Amino acid sequence: MSFPRILMSTALIGALAACGAPMSRMPMSGPAAAPVTPAAIPAASPGDEAGLQRFVQSFRSRALSSGVSAGTYDNAMRLARYNPDVIRLDRKQAEFSRPVWLYLDSAVSDSRIETGRQKNAQLARTLSAIEARYGVPREIVLAVWGMESNFGANRGKMQIIPSLATLAYDGRRGEMFQSQLIAALRILQAGDTDPEHMLGSWAGAMGHTQFMPTSYLEYAVDFTGDGRRDIWSEDPTDALASTAAYLARNGWQAGQPWGAEVQLPANFNMSLIGKGTRRSDWSSLGVRRIGGGAMPGGSGSIIMPAGARGPAFFIGDNFRSLLRYNNSDNYALGVAFLGERIAGRSGIQGSWPRNDRPLSTSEREEIQVRLRQRGFYDGEIDGLFGSGTMEAVAAFQRSIGATPDGYPTSILLGQLRG
């Protein structure tokens, strides 16, 4: 699981009690039991542990003023301990970012496709009901599940309360994680699970499809009708329905594709590449769908995540819905094409520039610094290439007469240095 993580809703919204068409399941008393043993928390220095416990005491008034009961707070925060592993992971930064083709090789692997097809057959009735309720195709829901937790195999073993308490106290984004901690406490107060069984990733993402606590409060649903929005147990029903509910409420258009791989004409105006340009007349510009057939309807954009030497994709509103789940083009392409393959359709047909040398984080940061010095970029210097950096790269490329594909390479770095 990467971080920043999916579903980082900005508002703490009250628990959503929405319920889909109930699926039959034997009633259970009390919160669902977690099927895994929580990861051990390594010993912290006395100073760190003491500091965390002071935070727990001081944070109590804020939690109670946010609607968390004293009993809920005290019962949950008795688990709070300083977790050095969480801080280490929060501050870790990879030296090299994986190129898009390696990311997609992993995301849309043969084993993941096969598992997705098996789950599609095993959960046919449940997936049909979810699709009928929310209008999100089953293969997309399955693909999100596969991307987030490898179909439930990697849901995370860390207890959420200690992790969020540690990040709220000592993390780089303390205020954000304090909001997540309050949301987690409200989940416990609603009775959907208990502190011991609220497990997930080091950063607080939980369950089969890795909801952050704030987004759980806003979007999670009790699809089984058993009184709990249970995304933690072996039964993935509520998690899958919650994912479909999230996408539907964030713009997914039923009956419409996410987009399509396309072929651009030889004389295509590359300045039109990027999510900032939306058109409905791409066919009139010579854009054709790979494999034939009509272009998807409606307006959309053309993206080329590996630049002019890689594949091109038309993306519509449903692709943008996937970006609301995780704001990464690579992630959304992974979901889209894993879904395509689970459904028995073709994968990506174009070739990737696999011989390109990957840039280190320091080199990517240097590109951003030099773009800023030249007046093309005003974003954060973080080595992460989102749409803002790519648009700045494209603007610089246009200024020197190069193909404005927005793709960072060692050649581009050399041009900036020159």
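Up top is the structure.
This is a predicted model, so every value here is computed, not measured.

This part takes up the environment of Asn150. The topology assignment puts Asn150 in the loop between α7 (138-149) and β1 (158-159). Of the residues examined, Asn150 reaches a relative accessible area of 30% and is grouped as partly exposed. Taking the C-alpha atoms as reference points, Asn150 and His208, 58 residues apart in sequence, are found 8.5 Å from one another. Ignoring any residue separated from it by four or fewer positions in sequence, one finds Asn150 in contact with Arg112 and Trp145.

Turning our attention to the packing of helix α11 (residues 237-249) against helix α12 (residues 317-325). Two elements in contact, α11 and α12, have axes separated by 9 Å at closest approach and are oriented at 120°. Of the possible angle classes, the one that applies to α11 and α12 is oblique. With respect to the hand of their crossing, α11 and α12 are arranged in right-handed fashion. Mapping the contact onto sequence places Thr243, Tyr246 and Leu247 in α11 and Ser321, Leu322, Arg324 and Tyr325 in α12. Partitioned by chemical class, the residues of the contact of α11 with α12 number 4 nonpolar, 2 polar and 1 charged.

Let us now look at the environment of Asn83. With respect to the secondary-structure elements, Asn83 resides in the loop between α2 (70-77) and α3 (84-91). The contact partners of Asn83, leaving out residues within four places of it in the chain, are Ile41, Pro42, Met158 and Thr166. At 3.0 Å, the side chain of Asn83 and the backbone nitrogen of Asp85 are in polar contact.

Below, the discussion takes up helix α4 (residues 100-107). Looking at α4, one finds that the buried residues are Val100, Trp101, Tyr103, Leu104 and Ala107. In an axial view of α4, the angular spread of the buried residues amounts to 155°, which keeps them on one side of the axis. Residues of α4 that are buried make contact with α5 (110-122), α7 and α13 (329-342).

Conventions and cut-offs
- By convention here, each chain's residues receive numbers from 1 onward along its written sequence.
- Side-chain atom pairs in this predicted model are given and counted only at pLDDT of 80 or more, local residue features only at pLDDT of at least 70, and totals for whole chains, interfaces and linings cover all residues.
- Side-chain numbers here rest on the full set of heavy atoms in the structure, without hydrogens or water.
- Here a helix means four or more residues in a row that DSSP labels H or I, a strand means two or more in a row labelled E, and each is numbered from the N terminus.
- Categorising residues by exposure relies on relative accessible area from a 1.4 Å probe, with only protein chains included: less than 20% of the type maximum marks a residue as buried, more than 50% marks it as exposed, and the intermediate range marks it as partly exposed.
- In this analysis, two residues are considered to be in contact whenever any of their non-hydrogen atoms come within 4.5 Å of each other.
- Convention adopted: a line fitted to C-alpha atoms gives each axis, helices being fitted over their contacting stretch, and angles between N-to-C directions are expressed from 0 to 180 degrees.
- By the definition adopted for this analysis, an angle is roughly parallel if under 35 degrees, roughly antiparallel if over 145, roughly perpendicular if from 65 to 115, and oblique otherwise.
- Crossing handedness: left-handed means the near helix sits turned counterclockwise from the far one by under a right angle, and right-handed means the same turn made clockwise.
- Residue polarity is assigned by list, with Asp, Glu, Lys and Arg as charged and Ala, Val, Leu, Ile, Met, Phe, Trp, Tyr, Cys and Pro as nonpolar; anything else, Gly included, falls into the polar class.
- In protein, a polar contact requires one atom able to donate a hydrogen and another able to accept it; more generally it is a pair of N or O atoms within 3.5 Å, and residues adjacent in sequence count only if both atoms are side-chain atoms.
- The arc in question is traced by the directions running from the helix axis to the C-beta atoms.

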